[in-house]
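# Report on the structure
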Amino acid sequence: MESVIEPFGEGFVTALAPEFVLVIGLFTLMIVPNLGDAKFRIPLTQIRIPWFFGGKRGTLDSDPRLPGIFASIFFAIAFLLAIVSFLGGMNQTTVASGENVLLKVDEFSRLFELIFYGALALASIASINRLPATFRADRSASGLYNNRRQVDFYILLMTCGLGMSVVALAQDMFLLFIGLELASFSTYVLVAFLKETKEGSEAGMKYFIVGSVASGVGLYGLSLLYLWAGSLQFTDLAAQFDTSGMEALPLAGLGMLLVGFGFKVSAAPFHFAAPDAYAGAPGPVAGVLATASKAMGIVGLLRILLVVASPENSDDGTTVWLVALAVMSVVTMTWGNLAALGSTNPKRMLAYSSVAHAGYMMAAITAIGALNWEPAHVMDSKSASLAIVTALMFHLVVLVCFKLGAFLVLSLLESENGGHTLESLGGLVKREPFLAVAMFIFMMSLAGVPPLAGFLSKLLVIMGIVKAALLEASASGNISFSEIHWVWYLALIMVINSAVSVFYYLRVGLVMFFHEPEAGREGPLPKGNSVRLAIAACVISTVYFGIGAGQLIALCESAANALVGAW
Amino acid sequence: MSTAIDWISIPLVGLPLISSIVLLIFIGNSSVAAREKLGPSIRMVSLIVSFFMLGVTTMMFFGQMDNMTDWTTMNFGSFNFEHRYVWIESLGIHWSVGMDALSFPMVWLTTFLLPITIAATWNEKNASVYFPLILMMGGALIGVFVALDLFMFYVFWELTLIPMFFLILKWGGKDRKYASQKFFIYTFTASVVMLLGLITMYFLQPDSALTYSGTWTGRTFDIPTLISHSQAANANGMWFLGESMQKVLFVMLMLGFLVKLPSVPFHTWLPDAHVQAPTGGSMLLAGVMLKMGAYGMFRLPLAMFPHAAEFFQFWLLALGMVSLVWGAVVCLGQTNLKKMVAYSSVSHMGVILIGIATMQPLGWAAALFMMFAHGIISPMLFAVCGAFKHHYHSMEIGAMRGMAKHSPWLATSMMFAWMASLGLPLLAGFVAELMMFLALWHFLAAENWSVFWMVGPAFVLAITAAYYLWSMQRTIFEGGEDTQPPASLHGEPVPDIADSEKIAMVIMAAFTILFGVMPWIALDMMNGWTVAFFEQLLIPILNGGA
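Notes on the structure in this doc start here. Given the structure is predicted, the values throughout are model-derived calculations rather than measurements. (Residues numbered from 1 in each chain as written. Chains lettered and ligands numbered in written order. Predicted model: local features only at pLDDT ≥ 70, side-chain atom pairs only at ≥ 80, totals over all residues. Heavy atoms only, no water.)

### Quick look at the overall build of chain A
Threshold: Under the DSSP-based scheme used, a helix requires at least four consecutive residues in state H or I and a strand at least two consecutive residues in state E, with every element numbered from the N terminus. C-alpha atoms define the radius of gyration, and 2.2 Å times the number of residues to the power 0.38 defines the globule rule. The cut-offs for exposure are 20% and 50% of the maximum accessible area for each residue type, with area from a 1.4 Å probe on protein chains only; residues under the lower value are buried, those over the upper are exposed, and the others partly exposed. Note on definitions: a residue-residue contact is assigned when non-hydrogen atoms from the two residues lie within 4.5 Å. Positive charges are assigned to Lys and Arg, negative charges to Asp and Glu, while His and the chain termini are left out of the count. Positions of charges follow a simple convention, taking NZ of Lys, CZ of Arg, CG of Asp or CD of Glu.
A tally of helices and strands in chain A yields 21 helices and 5 strands. For chain A, the C-alpha radius of gyration of 24 Å lies close to 24 Å, the compact-globule estimate for 567 residues. Considered along the principal axes of its C-alpha atoms, chain A spans approximately 85 × 70 × 45 Å. Going through the 567 residues of chain A one by one, you find that 63% of them count as buried. In chain A, the share of contacts with a sequence separation of at least 24, taken over all contacts with a separation of at least 6, comes to 78%. Across chain A, the mean location of the 31 positive side-chain charges is 16 Å away from that of the 37 negative side-chain charges.

Below is the structure:
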């Protein structure tokens, strides 16, 4: 079922229900902690009208624990609403103002929203323990400090979620960019949130400078595209690309946009800020950067490369960005893995592993570019690109389970000022077996060991690439090895890279299970039920999506169909 | 699909895996003191589970189950206890299990070794975690052998790494970290290359409606379907998937299996892993895990890419020969008992590879029997090494003299195992080696290859006898009246092995004799499988279209 609606017209709110929940949440977070018994006196009279903003606050609304609980609940509601919209078939809704298509609600955007809200919900649940708020007990400086900044933190998480969902929904380059910036600015502050620590402010500074330069370059590229096409609508850009896509102007614009999104997915050589940012940010925020923020960058890449500069536009059926993206993906995955081998800070290690994963995903996107869109092969090409996009979506969904989970385990260690060296994980199995086993499962899943979700996602990505590489050749029956498209070698480089990566993932397990705890860390870990709850959710989903992934794959397939079918 | 009880998934794969996970979760939730206390009962639970599994497979061996064909008369491509359940429908992934005469001996061997391993390492420390890991290992290994779906095969193939990694890391020797990581990374690297080969093969299948294919991809992971499909495509001199593709895929798949086997250029993980692994880990590693490599070769590349196998025949033979000779020569230089045994395993795996490379029914039967015989003998070798480690705290050859006087049981077991391994007639190893020699002769004569290929095996026979006899003489004999206990005992009285170890040794020795004197018990079904394979698949393909 498809429908077109006007902004704020009939059905607008129901179509964008999850987003509106976030907006309501945003206002709730702003208003509720400020409610008090303030009264407004009408001038020149003695009549005082209760006004409620400010004044002496009540016991309930001045509880510093409130924002965390509220934010978690609102994210959870948004997540559930996004799931509900899948039930009984997605109602595809386009929000258009006149000729201009603004937003489109379909399986593709909804699935990405699931990723965003899921990651943010887990992060905000975990942050209840990471940035502990205490009600009237803790009078220490840091305790008061944390109490005061609760609202800011969760408001920023909310705006981040809102910006991300705009990116997923946008059908217009400019709107997409606004969403991107909304999310980016929130993350800049979130990264620097622990400003009293040296790493925190350093991380924020680096991330902000590199990020804003990347955004600036992207924006410049966008302006070039506008100059060339006169519109930033995806459909207009795509149509224009069909006729004059090989000109210098659009290609320069495209390349500059790649820089902007390359930073978001932390692709080499735009990844330099990522390790510092991840290491300095609070664990849950780093987890959001590595999962939701990366997924947002992938949305951008998919939209700009596949929807706008889609493969059928060039003469020989392949695309102009093919070689550039292939080189970038190989460099990214290799660099990420090699750098991760040498890092002793687990958060930097995870950051580099996230760089490597960006490389795998870019290799998958490259494979779509290699497809032949000649009329004779168009159905096959479509099914192959469907497979690849499905694999990407699946990868991004399950990444939330194990990557975020790993960061959450580290965030628990941060609460006792650890987590910055591998040794602070030492003897985790003696201190808390559940966490050690959970972390080991996350590591094995990242390495791609069956039967965990990470294996299946890697398998799907490799399958997608191989399918694309063999497509043209296998149509003719028996083929020779030299006829295979060269993107097959991307799959080879990818599997070799994932074999290299095992080394550093295993090392974490080694330290947790077989090293003695560091001096001063022998005791039990800090308390925190909500972060453990979030970790447990991550573990269960990592294992479940590894064993019983059928439904999730079907979901991803329907989402991919929404993107690919639109070409 | 029959409605009969799934005798493979439930008792042989599900039971050990689930019971081990349940036990581990249970242990994880109990206090440290309670874990110590629970050790013996967990050991008993593990033993009972493994005995139950052995009972099931033994019933299968005697043909006492419903709906089963006799192992010796099975057709190629038919399986006993076949069951299929949809796993991931869109990709055509099934949980499908079944056994033929190729996998059944390996499954029986695994179930046979589980209780033996538990008995031989009865007093292992941290029992409450150790024995569940052994069980998990057993379940994962059986999963590899019974899997009839490529995806499932790969999942179990990798799953075996995890318990073994922990076994080496937790209970291993001094350099266990290095060894376990090397073990994991070596085999994982080879496996992912194999995985890429499998996926490439998956998508190269023509997009015709095959049975059990995915609703979405239109291709199948089902091994019997793939084999019968490739069988048709390979006929009449045609190459399944095309000539160059078949060669490339053959190499990619073989790489995974050769590293696991291991064959010479890729064997260096094995001595490290073995020397550092605990006795139980070594027993399962040498007894069953190495055979996964050979099993995989028979199951996939040899069945699907016979043309490529014929093309690479020279290289397979050369690799086997080099493994055989190199493993044996390196043994001569070892001073560590366990390292020597580990290298002798490399040498024996060379025999398997040569048997495969002959492309003769006799050679293949020899390879299959070698897999089986080595699976009984090498655990005994490692059990002996483990006993040395456990009781003498030293495995250095020459650190002790005249142990026969102090520990007659250990000395006897060692002598028996050593003799079995060097191929004494009437013991299981001899049968396999003899068959391999005959097959090699037959092959060289039939194909007019140089007779100098025989130099290697002949040379190795002498070397093998030399290093085994030499190590034995230096450890358990010699010394006369002034026997010398190892310095590592620090003058304490020299112990003999424990009762549980004695039981394990006697059982392994008994079966070595049994299969040496009456090889046909196991050989019949292997022969049946090989002959069926050659008659129904290889000969029509390789000779039919020429």
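### Notes on helix 16 (residues 361–392) of chain B
All names here are of chain B. Convention followed: What a helix is expected to span follows from its residue count: subtract one and scale by 1.5 Å. Values of bend correspond, residue by residue, to the angle between axes fitted over the seven residues ending at that residue and the seven starting there.
Compared with the 46 Å implied by 1.5 Å per residue over 32 residues, the 45 Å span of helix 16 between its first and last C-alpha is a close match. Where helix 16 bends most, at His374, the angle is about 30°. Trailing helix 16 by a residue or two, His393 shows a phi angle of about 55°, which is positive.

### Some words on the interface of chain B and chain A
Accessible area lost during the coming together of the parts is what is often quoted as the interface size. The test is simple: Put simply, buried area is how much 1.4 Å-probe accessible surface two parts lose in total, over both of them, once they are put together. By definition, a salt bridge exists where a carboxyl oxygen of Asp or Glu is found within 4 Å of a side-chain nitrogen of Lys or Arg. We call two N or O atoms a polar contact when they sit within 3.5 Å, provided that within protein one can donate a hydrogen and the other can accept it, with sequence-adjacent residues counted only if both atoms are side-chain atoms.
The interface of chain B with chain A comprises 40 residues on the first partner and 45 residues on the second. A buried area of about 3900 Å², summed over both sides, lies between chain B and chain A, and 81% of it is on carbon and sulfur atoms. It is Leu196(B), Phe203(B) and Trp216(B) in chain B that bury the most area against chain A; as a group they hold 17% of the surface buried on that side. Between the two partners, chain B and chain A, sit 0 salt bridges. Applying the counting criterion to the chain B and chain A interface returns 3 residue pairs in polar contact (both at pLDDT 80 or more). Put simply, the parts of the chain that give the side of chain B that touches chain A at least two residues each are strand 1 (80–88), helix 5 (150–159), helix 6 (161–171), helix 7 (176–204) and helix 9 (243–260) of chain B. No other element matches the 14 residues that helix 7 of chain B contributes to the side of chain B that touches chain A.

### With respect to the packing of aromatic side chains
Cut-off, in case you're wondering: What counts as a ring pair is set by centres within 6.5 Å for rings of Phe, Tyr and Trp (its six-membered ring), and what kind of pair is set by the plane angle: stacked under 30 degrees, edge-to-face over 60, tilted for all other angles. Distance and angle both matter: a charge sits over a ring if NZ of Lys or CZ of Arg is within 6 Å of the ring centre and within 35 degrees of the ring normal.
Per the stated rule, a full pass over the model turns up 72 aromatic pairs over all chains. When the ring of Phe369(B) is compared with that of Phe372(B), the centres are 6.4 Å apart and the planes differ by 45°; the resulting orientation is tilted. Taken as a pair, Phe369(B) and Phe372(B) lie in helix 16 at a separation of 3 residues, close to a single helical turn. Each of the two residues, Phe369(B) as well as Phe372(B), counts as buried. Linked through ring pairs, Phe455(A), Trp87(B), Trp95(B), Phe151(B), Tyr154(B), Phe156(B), Tyr202(B), Phe203(B) and Phe221(B) together constitute an aromatic cluster. For the cation-ring pair, Arg43(B) lies above Trp122(B), with the distance from its terminal atom to the ring centre recorded as 4.1 Å.

### Some words on the sheet that holds strand 1 (residues 2–5) of chain A
Residues and elements named next belong to chain A. Defined as follows: Two strands qualify as a pair provided DSSP detects at least 2 bridges between them. Axis lines are fitted through C-alpha atoms, for helices just across the contact stretch, and the angle between N-to-C directions can take any value from 0 to 180 degrees.
Strand order across the open sheet formed by 3 strands is 1-4-5, with mixed pairing between neighbours. This sheet does not close on itself; its edge strands, each paired only once, are strand 1 and strand 5 (100–105). This sheet shows a mean twist of 25° between the axes of neighbouring strands, independent of strand direction. Examined bridge by bridge, strand 1 and strand 4 (residues 92–97) share 4 bridges and lie parallel to one another. Residue pairing for strand 4: Ile5 is matched across the bridge by Val95.

### A short note on the pairing of strand 2 (residues 93–99) of chain B
Residues and elements named next belong to chain B. Within strand 2, 6 of the 7 residues are buried, which leaves it mostly tucked inside the rest of the structure. Direction of pairing for strand 1 relative to strand 2: antiparallel, over a ladder of 6 bridges. Within the sheet, the bridge partner assigned to His83 lies in strand 2 and is Val97. The antiparallel hairpin formed by strand 1 and strand 2 contains 4 residues in its connecting segment, where Gly92 sits at a positive phi of about 75°.

### Things to note about the environment of Met173(A)
Residue and element names in this part refer to chain A. Topologically, Met173 is positioned in helix 7 (residues 173–191). Separated by 49 residues in the primary sequence, Met173 and Leu222 have C-alpha atoms spaced 7.7 Å apart. In this structure Met173 touches Leu222, Leu232, Phe234, Leu237, Leu257, Phe261 and Ile304, once residues within four positions along its chain are discounted.

### Things to note about the environment of Met99(B)
Residue and element names in this part refer to chain B. You can see Met99 is positioned in strand 2. Taking the C-alpha atoms as reference, Met99 lies 9.5 Å from Trp71; in sequence the two are 28 residues apart. Those residues in contact with Met99, other than ones at most four positions away along the chain, are Ile8, Leu12, Met60, Trp71, Met74, Phe79, Asn80, Phe81, Phe104, Val107 and Val146.

### What about unusual backbone geometry?
Between Ala268(A) and Pro269(A) the backbone carries a cis peptide bond, its omega angle lying at 0°. Note on placement: Pro269(A) falls in the loop between helix 10 (248–264) and helix 11 (273–280). In this structure, Pro262(B) follows Leu261(B) across a cis peptide bond, with omega equal to -15°. Position of Pro262(B) relative to the elements: it lies in the loop between helix 9 and helix 10 (269–276).

### Quick look at the packing of helix 12 (residues 283–308) of chain A against helix 14 (residues 346–369) of chain A
Residues and elements named next belong to chain A. The criterion, for reference: The cut-offs work like this: below 35 degrees is roughly parallel, past 145 is roughly antiparallel, 65 to 115 is roughly perpendicular, and the gaps in between are oblique. A clockwise turn of the near helix away from the far one marks a right-handed crossing, whereas an anticlockwise turn of less than a right angle marks a left-handed crossing. Residues were grouped as follows: Ala, Val, Leu, Ile, Met, Phe, Trp, Tyr, Cys and Pro as nonpolar; Asp, Glu, Lys and Arg as charged; and all remaining residues, including Gly, as polar.
Across the interface, helix 12 lies against helix 14 with an axial gap of 11 Å and an inter-helix angle of 15°. What the angle tells us is that helix 12 and helix 14 run roughly parallel. Considering the relative orientation of helix 12 and helix 14, their crossing is right-handed. Counting all contacts with helix 12, which are made through Gly283, Ala290, Lys294, Ile298, Leu301, Leu302, Leu305 and Leu306, the residues of helix 14 involved are Lys347, Ser354, Val355, Ala358, Met361, Met362, Ile365 and Ile368. Of the residues assigned to the contact of helix 12 with helix 14, the class counts are 12 nonpolar, 2 polar and 2 charged.

### Let's talk about the pattern of salt bridges
All names here are of chain A. The final tally for this structure, using the stated rule, is 18 salt bridges over all chains. In this structure, Arg130 and Glu414 form a salt bridge, with 2.5 Å as the shortest nitrogen-oxygen distance. Of this pair, Arg130 sits in helix 4 (residues 107–130) while Glu414 sits in helix 15 (residues 378–414); the two residues are 284 residues apart in sequence, bridging distant segments of the chain. Taken as a pair, Arg130 and Glu414 share a single burial class, namely buried. Connected through shared salt-bridge partners, Glu202, Lys206, Asp276 and Arg348 make up one network.

### Observations concerning a nonpolar patch on the surface
Heads up, the condition is: Residues enter patches when they are more than 30% accessible in relative terms and free of salt bridges; like-charged ones are connected within 9 Å and nonpolar ones (Val, Leu, Ile, Met, Phe, Trp, Tyr) within 5 Å. For the accessible areas, the method is Shrake-Rupley and the probe is 1.4 Å, while residue cover comes only from the protein chains on display.
Taken together, the side chains of Phe27(A), Met30(A), Ile31(A), Phe40(A), Ile47(A), Ile49(A), Trp51(A) and Phe53(A) make up a nonpolar region of the molecular surface, amounting to roughly 780 Å² of accessible area. The biggest single contributor to the nonpolar patch is helix 2 (residues 17–31) of chain A, with 3 residues.

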